[in-house]
Amino acid sequence: PLFTSDDVRTMVKDYGVKFVRLQFTDIFGVLKNVSITVEQLEKALNNELMFDGSSIEGFVRIEESDMYLYPDPSTFVVFPWKPRDGAVARLICDIYNTDGTPFIGDPRYVLRRAIAEAAEMGYTMNVGPEAEFFLFHVDEAGRPTTITHDRAGYFDMTPVDLGENARRDMVLNLSQMGFEIEASHHEVAPAQHEIDFKYSDALDIADKVVTFKFVVRTIAQRHGLAATFMPKPVFGIAGSGMHLNQSLMKNGTNAFYDPGTPNKLSQDCLYYIGGIMKHIPAITAITNPTVNSYKRLVSGYEAPVYVAWSYRNRSPLIRVPAKRGQSTRIELRSPDPSCNPYLALAVCLKAGLDGIKNKIEPPAPCDRNIYELTPEERAELGIAILPESLNDATYQLSIDPVITDALGQHVMQRFMEAKRIEWDNYRQHVHPWELEQYLSKF
Ligand code: ADP
Ligand code: MG
Ligand code: MG
Ligand code: MG
Ligand code: MG
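Computed from a predicted structure; not experimentally measured.

Remarks on the coordination of the magnesium ion (ligand 4)
Octahedral six-donor coordination of a metal ideally yields angles of 90 or 180 degrees, compared with 109.5 degrees for tetrahedral four-donor coordination.
Step number 1: Bound to the magnesium ion (ligand 4) are the protein donor atoms Glu132 (OE), Glu187 (OE) and Glu194 (OE), situated 2.0 to 2.3 Å from the metal.
Step number 2: Within one chain, the residues donating to the magnesium ion (ligand 4) are spaced in sequence as E-x54-E-x6-E.
Step number 3: Distance-wise, the magnesium ion (ligand 2) is placed 4.0 Å from the magnesium ion (ligand 4), both being coordinated by glutamate 194. With respect to burial, glutamate 187 and glutamate 194 carry one shared label: buried.

Some thoughts on the coordination of the magnesium ion (ligand 2)
Step number 1: Protein coordination at the magnesium ion (ligand 2) comes from Glu130 (OE) and Glu194 (OE), with a distance range of 2.1 to 2.2 Å.
Step number 2: Metal-to-metal, the separation of the magnesium ion (ligand 2) and the magnesium ion (ligand 3) is 3.5 Å. Of this pair, glutamate 130 sits in strand β7 (residues 123–138) while glutamate 194 sits in strand β10 (residues 192–197), and the two are 64 residues apart along the sequence. Exposure class is identical for glutamate 130 and glutamate 194. Each is buried.

What to know about unusual backbone geometry
Step number 1: The backbone of alanine 191 shows a phi angle near 70 degrees, a positive value even though the residue is not glycine.
Step number 2: Following the sequence through the fold, alanine 191 ends up in the loop between β9 (181–186) and β10.
Step number 3: The buried category is assigned to alanine 191, whose relative accessible area is 0%.
Step number 4: Even without a glycine there, the phi angle at lysine 359 is positive, about 50 degrees.
Step number 5: On the secondary structure map, lysine 359 appears in the loop between α9 (341–357) and α10 (375–381).

Some words on the pairing of β9
Step number 1: Bridge count between β9 and β10: five bridges; the pairing is antiparallel. Looking across to β10, one finds that histidine 185 is bridged to glutamate 194.
Step number 2: The turn joining β9 and β10, which pair antiparallel and follow one another in sequence, is formed by five residues; a positive phi near 70 degrees is taken by alanine 191.

Thoughts on the packing of aromatic side chains
Step number 1: A complete count under the given rule lists 18 aromatic pairs for this structure.
Step number 2: With centroids separated by 5.3 Å and ring planes inclined at 65 degrees, the aromatic side chains of tryptophan 309 and tyrosine 311 adopt a geometry described as edge-to-face.
Step number 3: Given a relative accessible area of 3%, tryptophan 309 falls into the buried group.
Step number 4: Above the face of the phenylalanine 179 ring, lysine 208 is positioned so that its terminal group lies 5.7 Å from the ring centre.
Step number 5: Sitting over the face of the ring of tyrosine 301, lysine 232 holds its NZ or CZ atom 3.7 Å from the ring centroid.

Quick notes on the site of ligand 1
Step number 1: Around ligand 1 there are 20 residues in total, and Asp196, Phe197, Ser247, Gln326 and Glu331 lie nearest to it.
Step number 2: A distance of 2.9 Å is found between an oxygen atom of ligand 1 and a backbone nitrogen or oxygen belonging to tyrosine 199.
Step number 3: Glutamine 326 is positioned such that a nitrogen or oxygen atom in its backbone is 2.9 Å from a nitrogen atom of ligand 1.
Step number 4: For the shell around ligand 1, the secondary-structure elements that each account for two or more residues are β7, β10 and β13 (242–250).
Step number 5: Each residue belonging to the shell around ligand 1 can be placed in one class, and the counts come to three nonpolar, eight polar and nine charged.

A closer look at the packing of helix α7 (residues 267–287) against helix α12 (residues 401–428)
Step number 1: Put simply, α7 and α12 touch, their axes get as near as 12 Å, and they point 35 degrees apart. Both α7 and α12 take part in a crossing whose hand is left-handed. The segment α7 lies against α12, with His279, Ala282, Ile283, Ala285 and Ile286 engaging Val402, Ile403, Leu407 and Phe415.
Step number 2: Residues of the contact of α7 with α12, tallied by class, amount to eight nonpolar, one polar and no charged.

Digging into the environment of asparagine 263
Step number 1: As for its position among the elements, asparagine 263 is in the loop between β14 (253–254) and α7.
Step number 2: Along the chain, asparagine 263 and arginine 324 lie 61 residues apart, while their C-alpha atoms are 9.4 Å from each other.
Step number 3: What asparagine 263 contacts, discounting residues up to four positions off in sequence, is Tyr311 and Arg324.
Step number 4: Within the structure, the side chain of asparagine 263 is placed 2.6 Å from the side chain of tyrosine 311, a separation counted as a polar contact.

Quick notes on the nonpolar core
Step number 1: Grouped together as the largest cluster of nonpolar side chains are 94 residues, with contacts concentrated most on Met170, Phe212, Leu248, Tyr272, Ile318, Leu397 and Leu407.
Step number 2: Once you skip the residues sitting within four places of it in the chain, leucine 248 turns out to touch Tyr123, Thr124, Met125, Thr253, Asn254, Ala255, Phe256, Tyr272, Leu349 and Ile356.
Step number 3: Phe24, Phe51, Ala87 and Ile95 belong to the second-largest nonpolar core, a separate cluster that totals 26 residues.

Let's talk about the pattern of salt bridges
Step number 1: Tallying each qualifying case throughout the model produces 19 salt bridges.
Step number 2: Aspartate 405 is paired through a salt bridge with lysine 350; the nearest N and O atoms lie 3.0 Å apart. Placement of aspartate 405 in helix α12 and of lysine 350 in helix α9 is noted, with a sequence separation of 55 residues between them.
Step number 3: Accessibility expressed as a relative area gives 11% for lysine 350, which makes it buried.
Step number 4: Here lysine 419 and glutamate 422 are joined by a salt bridge, their closest N and O atoms 2.8 Å apart. A residue pair is termed a helical-turn pair when its members lie 3 or 4 positions apart in one helix, as lysine 419 and glutamate 422 do in helix α12 at three residues.
Step number 5: Take glutamate 422: its relative accessible area is 28%, and that puts it in the partly exposed class.

Let's talk about helix α1 (residues 5–14)
Step number 1: Residues of α1 that are buried: Val8, Met11 and Val12. Summarising the axial view, the buried residues of α1 lie within an arc of 105 degrees, below the 170-degree limit, and thus occupy one face. Exposed positions of α1 whose direction lies more than 90 degrees from the buried face are Asp6, Lys13 and Asp14.
Step number 2: Packed against the buried residues of α1 are β1 (17–25), α2 (41–45) and β6 (87–96).
Step number 3: One or two steps after α1, the chain reaches glycine 16, where phi turns positive at roughly 60 degrees.

Analysis parameters
Residues numbered from 1 in each chain as written. Chains lettered and ligands numbered in written order. Predicted model: local features only at pLDDT ≥ 70, side-chain atom pairs only at ≥ 80, totals over all residues. Heavy atoms only, no water. Donors = N, O, S within 2.8 Å, 3.2 Å for Na, K, Ca; no water. Buried < 20%, exposed > 50% of the residue type's maximum accessible area, 1.4 Å probe, protein only. Helix = DSSP H or I, 4+ residues; strand = E, 2+ residues; numbered from the N terminus. Pairing = 2+ DSSP bridges. Phe/Tyr/Trp six-rings, centres within 6.5 Å; stacked < 30°, edge-to-face > 60°. Lys NZ or Arg CZ within 6 Å of the ring centre and 35° of its normal. Near = heavy atom within 4 Å. Polar contact = N/O pair within 3.5 Å; in protein donor to acceptor, adjacent residues only side chain to side chain. Nonpolar A, V, L, I, M, F, W, Y, C, P; charged D, E, K, R; others polar. Axes fitted to C-alpha atoms, helices over the stretch in contact; angles between N-to-C directions. Left-handed = near helix turned anticlockwise from the far one by under 90°. Contact = heavy atoms within 4.5 Å. Core = buried A, V, L, I, M, F, W, Y, C linked by side-chain atoms within 4.5 Å. Salt bridge = Lys/Arg side-chain N within 4 Å of Asp/Glu carboxyl O. Arc of directions from axis to C-beta.

Rendered as structure tokens:
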């Protein structure tokens, strides 16, 4: 629903809202909240509320710290799990500088820029995300563990699946918040779940993904469980991905659909695939931004490792599902839910547009199981591999001018700084695996 400020004023009264959370995300996609009382709402809706940007990761230095929150009224939603008495609502905000210009380090603005570029070419991006997550037990102190209720219930003859109950509750709450839930199911691994909601335009979906993660975690907690979107919490079982189904619209119809070609895909669709495949090494730094992300991108668990596309197979980077007409789309299978959805959609869109602008033909689709090909066969088909570590990926990002440009200098610099620290920290630590391998051996 596209609400105006006046709609927000009315709804706040109707629902008896006492507190409004003003939300935005930092560069890493972490949701931030500034809670205001309803008395301050007028000020907020007039874009007069300030906050200290220097305390937000990746934003600004102390000496330039004042920033304004411009709430987007169309994102208004009342949290269904709070009592009507003193209801709590939220508004997602854009970040502005004191001089009234948009803050270039705001991830939502990064996505807005890419969307504007698409609009200039006549396109709107539609996205359907499939975020997977685990539901784990908490210990006596309430801290999350990696112990699964599923495993605990494996030999149980009277299974009371806490996870299923929690998931149903998540679906109910999300529905009340305006999500059109298409499916929710148990995933491959024990304790792993997926809830799918209907595709929408890129900005709406990025807002929905951050909201989704926050709702899932909140409801899990209310069921005495801990939800995690960490890409690979447990070695040896499937990790959590966030496939991004993508399509472009032009003049109100799906621009990826062309009934006149043998496979019914338009030339734009093929170029879009070509653009994504060209820029995927750099995109990966954004769609798979943690050290842990790369422990998911290994063979054997349906996560992609090779840069290829296919109509049938679920092993390659990009799959084109069989649906045509309005549902014609490509499914990018590498992203994981630790990414910042605003930045992830911005870099995908930018890469796809680059494909269209520069007529980047994708290689031929590969409908064989790539994992079964020998290295020689792969080389012959020109199938590259995705970056194998965060360090690889950030290097690839640093040498890709198109993706760097999509992020803008500010985000790029802060992102690289933070990821360098993260990588250095990781590589200096001694991990349990090393002790197991070497301690008694040497
Ligand atoms: P999978 O078969 O990979 O498990 P799902 O059914 O779980 O796929 O998810 C498919 C996603 O694709 C849904 O979010 C759906 O709304 C979305 N989708 C459908 N049509 C389009 C489209 N034209 N553009 C973008 N996303 C779409
Ligand atoms: Mg799915
Ligand atoms: Mg499905
Ligand atoms: Mg899945
Ligand atoms: Mg999928």
